[in-house]
Amino acid sequence: MASYKNIHIIRWIVIIASFIIVASILWNTYDFFQKFKNEERAKMEILAGAYERFSIADLEADISLEDKIISKNNNIPMIITNEKDSITEWANLDTIKSQEKNYLKSQLNSMKKQNEPILVSHNKGEIKQYIYYKDSDLLTKLKYYPIALILILFLFASVIYLFFKSNKVAEQNILWTGMAKETAHQIGTPLSSLLGWIEILRLENTDENTVAEIEKDVERLNTIAERFSKIGSYPVLKEHNIVEATQNSFHYLQSRSSKQVEFNFKSVENNIPVNLNIQLFSWVIENLVKNAIDAMEGKGKISLSISEKEKEVFIKITDNGKGIPKNLQQKIFAPGFTTKKRGWGLGLSLAKRIIEDYHNGKIVVQKSEIGKGTTFLISLKK
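Please read all numbers here as calculations on a predicted model, not as lab measurements.

Cut-offs used in this document
- Residues numbered from 1 in each chain as written.
- Predicted model: local features only at pLDDT ≥ 70, side-chain atom pairs only at ≥ 80, totals over all residues.
- Heavy atoms only, no water.
- Phe/Tyr/Trp six-rings, centres within 6.5 Å; stacked < 30°, edge-to-face > 60°.
- Helix = DSSP H or I, 4+ residues; strand = E, 2+ residues; numbered from the N terminus.
- Buried < 20%, exposed > 50% of the residue type's maximum accessible area, 1.4 Å probe, protein only.
- Lys NZ or Arg CZ within 6 Å of the ring centre and 35° of its normal.
- Polar contact = N/O pair within 3.5 Å; in protein donor to acceptor, adjacent residues only side chain to side chain.
- Contact = heavy atoms within 4.5 Å.
- Axes fitted to C-alpha atoms, helices over the stretch in contact; angles between N-to-C directions.
- Parallel < 35°, antiparallel > 145°, perpendicular 65-115°, else oblique.
- Left-handed = near helix turned anticlockwise from the far one by under 90°.
- Nonpolar A, V, L, I, M, F, W, Y, C, P; charged D, E, K, R; others polar.
- Pairing = 2+ DSSP bridges.
- Expected span 1.5 Å × (residues − 1).
- Salt bridge = Lys/Arg side-chain N within 4 Å of Asp/Glu carboxyl O.

Undergrad: Any details on the packing of aromatic side chains? Residues and values, ideally.
TA: Evaluated as defined, the whole model comprises five aromatic pairs. Between W27 and Y30, the ring centres sit 5.9 Å apart and the planes meet at 35°, which makes this aromatic pair tilted. Of this pair, W27 and Y30 both sit in helix α1 (residues 2–56), three residues apart, which is roughly one turn of that helix. Geometrically, the ring pair formed by F250 and F263 is edge-to-face, given 5.3 Å between the ring centres and 70° between the ring planes. With F250 in helix α6 (residues 242–255) and F263 in strand β6 (residues 261–267), this residue pair connects regions lying 13 residues apart in the sequence. The burial state of F250 is the same as that of F263; both residues are buried. Each member of the aromatic cluster is reached from another via a ring pair, and the members are F250, F263 and F265. Over the ring of Y132 we find K112, and its NZ or CZ is 5.6 Å from the ring centre. If you follow K352 out to its NZ or CZ, it ends over the ring of F333, 5.0 Å from the centre.

Undergrad: Got a sec to walk through the side chain of H359? Specific residues and values, please.
TA: Assignment of secondary structure puts H359 in the loop between α8 (347–358) and β10 (362–369). In this structure the side chain of H359 is engaged in a polar contact, spanning 2.8 Å, whose partner is the backbone oxygen of I354. The residues touching H359, leaving out its near neighbours within four places in the chain, are L237, N275, L276, N277, I354 and L380.

Undergrad: Before we move on, can you summarise the packing of α6 against helix α7 (residues 278–295) with the specific residues and values?
TA: Orientation of α6 relative to α7, taken along the N-to-C sense of each, is 45°, at an axis distance of 9 Å. When the interaxial angle is binned, α6 and α7 end up oblique. Both α6 and α7 take part in a crossing whose hand is right-handed. Mapping the contact onto sequence places I242, A245, T246, S249, F250 and L253 in α6 and I278, F281, S282, I285, E286, V289 and K290 in α7. Across the contact of α6 with α7, the residue classes break down as eight nonpolar, three polar and two charged.

Undergrad: Run through the sheet that holds strand β11 (residues 373–381), naming residues and quoting values.
TA: Strand order in the open sheet formed by five strands is β6-β8-β9-β11-β10, with mixed pairing between adjacent strands. What marks the edges here is a single partner per strand, and that holds for β6 and β10. Pairs of neighbouring strands in the sheet enclose a mean axial angle of 15°, with direction left out of account. Both strand β8 (residues 300–308) and strand β9 (residues 312–319) contribute to a ladder of seven bridges, which runs antiparallel. Within the sheet, the bridge partner assigned to L304 lies in β9 and is I317. Here α7 sits on the sheet and contacts β6, β8, β9, β10 and β11; the angle it forms with β9, its principal contact strand, is near 25°. Against the sheet, α8 touches β10 and β11, its axis set at about 135° to β10.

Undergrad: Tell me about the packing of α7 against α8, and name the residues and values.
TA: Packing of α7 against α8 brings their axes to within 9 Å, and their N-to-C directions diverge by 145°. Note on packing geometry: the crossing formed by α7 with α8 is left-handed. Across the interface between the two elements, L280, F281, W283, V284, N287, L288 and N291 from α7 touch G347, L348, L350, A351, I354, I355 and Y358 from α8.

Undergrad: Outline α7, supporting the account with residue identities and numerical values.
TA: Helix length check: α7, at 18 residues, gives a terminal C-alpha distance of 26 Å against a target of 26 Å (1.5 Å per residue), a fit within 8%. Where burial is concerned, most of α7 is hidden: 14 out of the 18 residues are buried. Looking one or two places after α7, you find E297, whose phi comes out positive at around 55°.

Undergrad: I'd love a proper account of the pattern of salt bridges, names of residues and values included.
TA: Oppositely charged side chains can pair when the atoms bearing their charge come close. Tallying each qualifying case throughout the model produces 13 salt bridges. For the salt bridge of R256 with D217, the shortest nitrogen-to-oxygen distance reads 2.9 Å. With R256 in the loop between α6 and β6 and D217 in helix α5 (residues 208–230), the pair connects residues that are 39 residues apart, well separated along the chain. With a relative accessible area of 33%, R256 lands in the partly exposed category.

Quick look at the structure:
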């Protein structure tokens, strides 16, 4: 417990430290951005002064400094307008696009939104011009740097979260696998005893029909134990007649269900060979049939049909129960999802795993209408 508590404290220390570091980087970036922006403003004001001095200089005056200031502006996009807002000059914009009619106007509108204009006065204020400018490429990239940093951190945090989540799921899977195998082991002992009692009942001339029914239930328990023992290991598939395997599971539940439930079984062929793990496949059929019985609240009609194409076999299980809402038809296969008051929500997720992961098939809700019923479709390769 102490060790877990220490890990929990260390985790929070790392999270808080990471947050402080990120906040510090973002603040410093913002501070640097503001300083750089002010420097660009100062450069443009110096440029405006150079334009003013350039306009009032006489022919003999030395204007080399002003000329150098103006010519050195090669990275800040700018547009100069007169008092009527007509563009008179521009610099550091796309030369090709500037030939387009609306390009300079759109750039001017963008500059007006981004920075306050700088006044340039000529002839003692009689003529006025305005310098509009926008952030340089470097400043623009710097502006988006914090956003990129946040996205990178978000992706990094997501990877860490998914890593820990997958570890947690793996631990849960190991726990469930261990519990399933232990359950199978524990069931084995009373099963052996029950088989012995069945033989004693036969020796005492107990009604054979009664003994046969008990024997079927003991075999059923043995099948369940085998299913649990196979959890966590990749099952071996062998060629079986899928019609017979499906019919056996269907009829087993029929004989132990309410007489108010009507069972109908139909197949186009009597023998369709498919590579199956009988124990796991029968688990899927029984699970779907049980769900159908629950959906009908113990009264209604269940139909199972088997059809085939050249390379595939299809199993449809249809009930006339309460149906599944459209927004839940994809969620019902998620582990832990259930609409029942009692249950773990593992049946359909296991069925999907058995069919799709172990048998390379597909299981879907083919159709479902509220108040009319549901049809599940299983497709497997022949």
